[in-house]
Amino acid sequence: MILIAVAAALTGLVVAVASALGFTAIPYWIWLLTLVAAPIAYFSRGISTMLKAVIGFLILWHLLAVLVLMAKQAGVFGEALGPYLPTQASVLLSVIFAGVVLAVSYIPVVRQVTDLADPYFETRESGTVSIPFLGTFSVPERYVGLSLLWLLLAINVAQVLITVLLNQWNGRFYTALQERDEATFWIELRFWVVIVFIWVVSAVYELYLTQYLEIRWRRWLTTTMTERWLTNGGHYRMRLTGDAADNPDQRIAEDARLFCEKTISFLIRFFASVLSLYAFVLILWGLSANFSYQIGGINLVAIPGYLVWAALIFAVTGTVAAHYIGRPLIGVNYDRQRYEADFRYTLVRVRENDEQIALLKGEPAEREGLGRRFKNLVTNWAAYMKHTKRLTWFTSFYGQVSSVFPIIILAPAYFSGAVQLGALTQTSGAFGRVEGALALFIDLYRQLADYKSVIDRLTGFARSAETVERPPVPAITTKAEGSQLTLADLKVTLPSGQPVVSVPKLSIKAGERVLVTGPSGSGKSTLFRALSGIWPHGSGAITVPAGASLMLLPQRPYFPVGSLRDAVSYPAERGAYSDSEIMAALEAVKLPGLTSRLDEEQPWQMILSGGEQQRLAMARALLAKPKWLFLDEATAAIDEPGEAALYAAIRDALPDTTLISIGHRSTLANFHDRRVALTKTETGEHVAADAPLMMLSKG
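One structure accompanies this document, and this report is about it. (Residues numbered from 1 in each chain as written. Predicted model: local features only at pLDDT ≥ 70, side-chain atom pairs only at ≥ 80, totals over all residues. Heavy atoms only, no water.)

What follows covers the overall build of the protein. Check the secondary structure of the protein and you find 22 helices and 14 strands. Contacts spanning at least 24 positions in sequence make up 75% of the contacts within the protein whose residues lie at least 6 apart. About 35,500 Å² of surface is accessible on the protein, with carbon and sulfur atoms providing 62% of the total. (Helix = DSSP H or I, 4+ residues; strand = E, 2+ residues; numbered from the N terminus. Contact = heavy atoms within 4.5 Å. Areas by Shrake-Rupley, 256 points an atom, 1.4 Å probe, with all protein chains shown as cover.)

Once that is clear, we can look at the packing of helix α6 (residues 141–178) against helix α7 (residues 182–229). For the pair α6 and α7, interaxial distance at closest approach is 9 Å and the crossing angle is 160°. When the interaxial angle is binned, α6 and α7 end up roughly antiparallel. At the point where α6 passes α7, the crossing takes the left-handed sense. The class makeup of the residues in the contact of α6 with α7 is 25 nonpolar, 7 polar and 5 charged. (Axes fitted to C-alpha atoms, helices over the stretch in contact; angles between N-to-C directions. Parallel < 35°, antiparallel > 145°, perpendicular 65-115°, else oblique. Left-handed = near helix turned anticlockwise from the far one by under 90°. Nonpolar A, V, L, I, M, F, W, Y, C, P; charged D, E, K, R; others polar.)

Let us now look at the pairing of strand β9 (residues 538–544). Look at any regular strand and the pattern is simple: side chains alternate between the two faces of the sheet. Sheet analysis places strand β5 (residues 477–480) next to β9, joined by 4 bridges and oriented parallel. Paired with Ala-480 across the strands is Val-544, a residue of β9. Sheet topology places strand β6 (residues 485–493) next to β9; 5 bridges connect them, and they run antiparallel. Bridge pairing links Lys-491 to Ser-539 in β9. (Pairing = 2+ DSSP bridges.)

Enumeration over the complete set of coordinates arrives at 19 aromatic pairs. Between Phe-57 and Trp-150 the ring centres are 5.9 Å apart and the planes differ by 75°, which places this aromatic pair in the edge-to-face class. Residue Phe-57 is located in helix α3 (residues 49–73), and its partner Trp-150 is located in helix α6; the two are separated by 93 residues in the primary sequence. Taken together through their ring pairs, the aromatic side chains of Tyr-120, Phe-121, Trp-217, Trp-220, Phe-259, Phe-266 and Tyr-451 make up a single cluster. If you follow Arg-45 out to its NZ or CZ, it ends over the ring of Tyr-42, 4.0 Å from the centre. One Lys or Arg, Arg-620, reaches over the ring of Phe-559 and ends 5.3 Å from the middle of that ring. (Phe/Tyr/Trp six-rings, centres within 6.5 Å; stacked < 30°, edge-to-face > 60°. Lys NZ or Arg CZ within 6 Å of the ring centre and 35° of its normal.)

Glancing now at helix α17 (residues 524–532). Every α-helical turn comprises 3.6 residues, leaving residues that sit three or four positions apart pointing alike. Looking at α17, one finds that the buried residues are Lys-524, Thr-526, Leu-527, Phe-528, Ala-530 and Leu-531. Just downstream of α17, Gly-533 is the residue with a positive phi angle, here 95°. (Buried < 20%, exposed > 50% of the residue type's maximum accessible area, 1.4 Å probe, protein only.)

Two elements in contact, α3 and α6, have axes separated by 10 Å at closest approach and are oriented at 45°. Here α6 runs oblique to α3, going by the angle between their axes. Every pair of crossing elements has a handedness; the one defined by α3 and α6 is right-handed. In this structure, α3 contributes Met-50, Ala-53, Val-54, Gly-56, Phe-57, Leu-60 and Trp-61 to the contact, and α6 contributes Leu-146, Leu-149, Trp-150, Leu-153, Ala-154 and Val-157. A class-by-class count of the residues in the contact of α3 with α6 yields 12 nonpolar, 1 polar and no charged.

Here the focus is the side chain of Thr-517. Within the secondary structure, Thr-517 sits in strand β8 (residues 513–517). Side-chain polar atoms of Thr-517 contact the side chain of Arg-675, separated by 2.7 Å. (Polar contact = N/O pair within 3.5 Å; in protein donor to acceptor, adjacent residues only side chain to side chain.)

A word on empty space enclosed by the protein. Taken as a whole and assessed by the stated rule, the structure comprises 1 cavity of 30 Å³ or more. One number sums up the size of the largest cavity: a volume of about 70 Å³. Considering the residues around the largest cavity, the lining is formed by Leu-485, Leu-487, Leu-506, Ile-508, Val-516, Leu-527, Phe-528, Leu-531, Ile-660 and Val-676. Element by element, the count of residues in the lining of the largest cavity is highest for α17, at 3 residues. Here the lining of the largest cavity is composed, by residue class, of 10 nonpolar, no polar and no charged. (1 Å grid on protein atoms, 1.4 Å probe; cavity = no way out; pocket = protein on both sides within 12 Å on 5 of 7 lines; lining within 4 Å. Points joined across faces, edges and corners; volume = space filled by probe spheres on them.)

Turning next to the pattern of salt bridges. By the definition in use, this model includes 14 salt bridges. In this structure, Arg-674 engages Glu-512 in a salt bridge whose closest nitrogen and oxygen atoms are separated by 3.1 Å. In this pair, Arg-674 sits in strand β13 (residues 674–680) while Glu-512 sits in the loop between β7 (499–508) and β8, placing the two residues 162 residues apart along the sequence. Like Glu-512, Arg-674 is buried. Notably, a salt bridge pairs Arg-565 with Asp-599, separated by 2.3 Å at the nearest N-O pair. Placement of the pair is Arg-565 in helix α18 (residues 564–569) and Asp-599 in the loop between α19 (579–588) and α20 (604–607), with a sequence separation of 34 residues. (Salt bridge = Lys/Arg side-chain N within 4 Å of Asp/Glu carboxyl O.)

A few words now on the nonpolar core. Buried together is how nonpolar side chains tend to be arranged in soluble globular proteins. Within the largest apolar cluster, 62 residues are counted, with the highest numbers of intra-cluster contacts made by Met-50, Ile-55, Ile-59, Trp-217, Leu-221, Phe-259 and Phe-271. Not counting residues within four places of it along the chain, the set of residues in contact with Met-50 comprises Thr-114, Ala-117, Asp-118, Phe-121, Leu-149, Trp-217, Thr-263 and Leu-267. Counting residues in each nonpolar core, the second largest holds 35 residues, with Leu-598, Ala-617, Leu-629 and Leu-654 among its members. (Core = buried A, V, L, I, M, F, W, Y, C linked by side-chain atoms within 4.5 Å.)

This part takes up the sheet that holds β8. In spatial order, the strands read β5-β9-β6-β7-β14-β13-β8-β12-β11-β10; together these 10 strands make up an open sheet with mixed pairing. Whereas interior strands pair on both sides, the edge strands pair on one side only; in this sheet they are β5 and β10 (550–553). Neighbouring strand axes in the sheet, compared pairwise and without regard to direction, differ in orientation by 15° on average. Sheet strands in contact with α17 are β6, β7, β8, β9, β10, β11 (628–632), β12 (658–662) and β13, and its direction is about 125° off that of β6. Along the sheet, helix α21 (residues 610–624) makes contact with β10 and β11, crossing β10 at roughly 170°.

Put simply, Tyr-570 and Pro-571 share a cis peptide bond, and its omega is 10°. The topology assignment puts Pro-571 in the loop between α18 and α19. We note that Asp-489 has phi near 50°; this positive angle belongs to a residue other than glycine. By the element assignment, Asp-489 lies in strand β6. Given a relative accessible area of 57%, Asp-489 falls into the exposed group. The phi angle at Lys-590 is positive, at roughly 65°, despite the residue not being glycine. Tracing the chain through its elements places Lys-590 in the loop between α19 and α20.

Rendered as structure tokens:
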């Protein structure tokens, strides 16, 4: 932006000097505006990157228009091009619009949008671009996004110019019809064919480039949100915080798409509306000239440019009314998306747990829960219908009145013969453009209400992601050092700060087999989560062995969507293990019947029994060969002989692996050489300390 500011300052000085020396007749206010563009460009350095791109485009457009004006006065262009070149009045808008964009960039809701949009236009990542006949190139993604944005802005400038030409054509064409001027009729018709062809080409490529920018932006945004969600247990900690990140799947899949689509659409539409407003205000002002209202031949009032003022009053009145009528839709739309997501989530949970529901005869309870959530949806929809109906009453009436309003105003002049049919249609069209640009807020109010709720949901997701990315204060600190696991002054708490487990001092050497015991609810699993690094709430220090691989198997294994091979290999990537390795692991955990089904894609968490699922999870450990293996009641669904066989398989296949288990069975003492017990204190906190292995109680 500094280069653009310098260019604006130099251009303004050149024009000022040329005007002073008589080399050009450009008015003083044009070079003053050019000089004003310089500080606008300079002070926009600290605003949003997306809006900075718009300001840069507008100022460069202004500089180009000034240079064209100078060349026009110098006779560089022929007379035939005169009507299609920028006029002195037309260069006024770009600098004023740039100043307006700079001002609105500080409005809170605009900053909320740009905070979400700017990371894409500032990314350092590279993307690929395929150009016909030239090949595929690797280009920084931010350059692709900014270039597409500038192309869309340029196309809209061209389209506004075309609409101005069509408006002028409208007056000539209908005047020729009224006067039965056949020669002019055919000339104007040929002109119309050329202009319409250019309009169609611009409309097609505007749509294509808009969609291209949308999908590139959405791909980047979805990838970024997914990475934030699935990095370092962020998805788990976001759920624990309990703040504004409910239904993250909806925010990643649906809200990201809507944000990209609507942000581009609204930006382009507002840009085009401002251009149309300016271009057609000039036309409308000239067409309306002075309006004198007379009664009995007495001139009562004269209003310069009365049609412009009529359009302004008409649109502002409608905009204010639409805002007050439709404002409740913002909150209603936010709740509607949340209720829809809650209902879908409940349906998915029923599908995933249908066996347990059937065994427990839980269908009535599920119907009641689904009915309760759907009732919220229906109640919200009723509110949406009510407010939409009110807004539609107004917008429908407003739209119908706006189509005849300019004709009614011009009717006396037309019937008196002061205005011809061509001028009437041209004026009506210009009025419609001005009024439409001013009333854009009315036309888009319902969409803007939806858009605001999308922005709020994505902002909530970003805020929650930032919360979990910043460790709480105080927080459990984890570092990799040495060859043993050490816990010093560790206090594990709930997110609210309530104490759960305290470990004054504990060291576990490599190769040890440690059994962790304690009553249900004592925080054993929470302690394991802290050791694995996904539970930051608390204080103290955890030192894990440097470079050692850790793996934790929970009581209820997770199964990804895919084939059985993917389920056994998880969390490794597909192809990390050979079929022979996978088959050997399945046989070692007593699941030989699954070795022939590796390529089957089934809902394995529903097909396999609880014990089979835990055996398959053990097969994952045999394949991954971690140096430190944590078992959180990972054999609770298996009988004691089967459990003994699994521990024997782990001992034989992973003799150097450190094993730390949570369990309640007395038989587990046979597979461990040390016990750490969690004992409840008077304050309700459980303290972990070494305890005799043979004192393990049964049950």
